[in-house]
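What follows is the residue order along each chain.
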Amino acid sequence: MERLTKALAAAFGAVMSFVTGLPPMIWVMVAVMSLDYITGIMCGAMGKSPKTENGGLSSGAAFEGLLKKVLILCIVGLAALVDHAIAVSAGVEMAAVTGACCLWFVASEGLSILENAAAMGVPIPKVLMRALEIMREKGNADNQDK
């Protein structure tokens, strides 16, 4: 039993060491993704979800939302690998690609939160909506230029 406890403690320590070493922008993105999921559930609970025919909760829609969040994390992981490859090749430490991806997803998820809130009847500050739209448009414009 003691060996199992020590192994679990070591595994937990390794995971926590990795997680606590993540850049702050990734934590912001994970927080915004969580808020989007929560507001989506709230929207469905109020019967105002645009993702279902009756506007209510749907386990299928919730599962699809979780899968999309996992794919977002995979894309950010890919961006981190690109940053690492550039850093190793150029000998320069950077996280530009990861930061740009995180910012784009923060803007996209933030807009989704505002859309969920608006569907539930919450007034949305236009300045916040516009700021997130500009962030997302800027990210899209950069992608289309290439």
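Up top is the structure.
Let us look at the structure shown here. Small disclaimer: the values here were computed from a predicted structure and weren't measured. (Residues numbered from 1 in each chain as written. Predicted model: local features only at pLDDT ≥ 70, side-chain atom pairs only at ≥ 80, totals over all residues. Heavy atoms only, no water.)

### Quick word on the overall build of the protein
Part 1 of the argument: Within the protein, the regular secondary structure consists of five helices and zero strands.
Part 2 of the argument: Scanning the protein from its N terminus toward the C terminus, one meets helices and strands in the order α-α-α-α-α.
Part 3 of the argument: Taking 146 residues into account, the globule formula puts the C-alpha radius of gyration at 15 Å, and the protein, at 19 Å, lies well above it.
Part 4 of the argument: The buried share among the 146 residues of the protein stands at 25%.
Part 5 of the argument: Taken together, the 11 basic and 12 acidic charged side chains of the protein have centroids lying 4 Å from each other. (Helix = DSSP H or I, 4+ residues; strand = E, 2+ residues; numbered from the N terminus. Rg over C-alpha atoms; globule rule 2.2 N^0.38 Å. Buried < 20%, exposed > 50% of the residue type's maximum accessible area, 1.4 Å probe, protein only. Lys, Arg positive; Asp, Glu negative; His and termini not counted. Charge placed at Lys NZ, Arg CZ, Asp CG, Glu CD.)

### Points about a nonpolar patch on the surface
Part 1 of the argument: Judged by side-chain polarity, Leu78, Leu81, Val82 and Ile86 come together as a nonpolar surface patch covering roughly 350 Å² of accessible area.
Part 2 of the argument: Within the element layout of this structure, Val82 appears in helix α3 (residues 59–90). (Patch = residues over 30% accessible without salt bridge, like charges linked within 9 Å, V, L, I, M, F, W, Y side chains within 5 Å. Areas by Shrake-Rupley, 256 points an atom, 1.4 Å probe, with all protein chains shown as cover. Salt bridge = Lys/Arg side-chain N within 4 Å of Asp/Glu carboxyl O.)

### Remarks on the environment of Gly121
Part 1 of the argument: Locating Gly121 in the fold gives a position in the loop between α4 (96–119) and α5 (126–144).
Part 2 of the argument: Distance from Gly121 to Lys48, taken between C-alpha atoms, is 9.5 Å for residues 73 residues apart in sequence.

### Digging into the layout of surface pockets
Vacant regions in the atomic arrangement are exposed by a probe of water-molecule size rolled over the atoms.
Part 1 of the argument: Volume-wise, the largest pocket comes out at about 510 Å³.
Part 2 of the argument: In this structure, the largest pocket is lined by 23 residues; those nearest its centre are Asp36, Gly40, Lys51, Ala61 and Gly65.
Part 3 of the argument: Counting residues per element, the ones that place at least two in the lining of the largest pocket are α2 (24–45), α3 and α4.
Part 4 of the argument: For the lining of the largest pocket, the element with the highest residue contribution is α3, accounting for seven residues.
Part 5 of the argument: Of the residues belonging to the lining of the largest pocket, the class tally is eight nonpolar, eight polar and seven charged. (1 Å grid on protein atoms, 1.4 Å probe; cavity = no way out; pocket = protein on both sides within 12 Å on 5 of 7 lines; lining within 4 Å. Points joined across faces, edges and corners; volume = space filled by probe spheres on them. Nonpolar A, V, L, I, M, F, W, Y, C, P; charged D, E, K, R; others polar.)

### Considerations on α2
Part 1 of the argument: An ideal rise of 1.5 Å per residue puts 32 Å on 22 residues; α2 measures up with 32 Å between its terminal C-alpha atoms.
Part 2 of the argument: Three or more residues of α2 are buried, namely Ile26, Met29, Val32, Met33, Asp36, Thr39, Cys43 and Gly44. Looking straight down α2, one finds that the buried residues subtend no more than 150 degrees of arc, so they occupy a single side. When the buried face of α2 is taken as reference, the exposed residues oriented beyond 90 degrees from it are Pro24 and Ala45.
Part 3 of the argument: At its buried positions, α2 is contacted by α3 and α4.
Part 4 of the argument: Note on α2: the residue one or two positions beyond its end, Gly47, has a positive phi of about 75 degrees. (Expected span 1.5 Å × (residues − 1). Arc of directions from axis to C-beta. Contact = heavy atoms within 4.5 Å.)

### Considering the packing of aromatic side chains
Part 1 of the argument: Counted according to the given criterion, the structure contains one aromatic pair.
Part 2 of the argument: Measuring from centroid to centroid gives 5.2 Å for Trp104 and Phe105, while their planes differ by 85 degrees, and the two rings are edge-to-face.
Part 3 of the argument: Judged by its relative accessible area of 10%, Phe105 is buried. (Phe/Tyr/Trp six-rings, centres within 6.5 Å; stacked < 30°, edge-to-face > 60°.)

### Observations concerning the environment of Ile41
Part 1 of the argument: In this structure, Ile41 sits in helix α2.
Part 2 of the argument: The class for Ile41 is partly exposed, based on a relative accessible area of 34%.
Part 3 of the argument: When the C-alpha atoms of Ile41 and Ala62 are compared, they prove to be 7.5 Å apart, with 21 residues separating the residues in sequence.
Part 4 of the argument: Here Ile41 is in contact with Leu57 and Ala62, once residues within four sequence places are set aside.

### Some words on the side chain of Asp83
Part 1 of the argument: As for its position among the elements, Asp83 is in helix α3.
Part 2 of the argument: Among the residues examined, Asp83 registers a relative accessible area of 3% and is labelled buried.
Part 3 of the argument: Beyond its immediate sequence surroundings of up to four residues, Asp83 is in contact with Met94, Ala95, Ala96, Val97 and Thr98.

Geometric descriptors of this kind do not, in isolation, establish any biological role.
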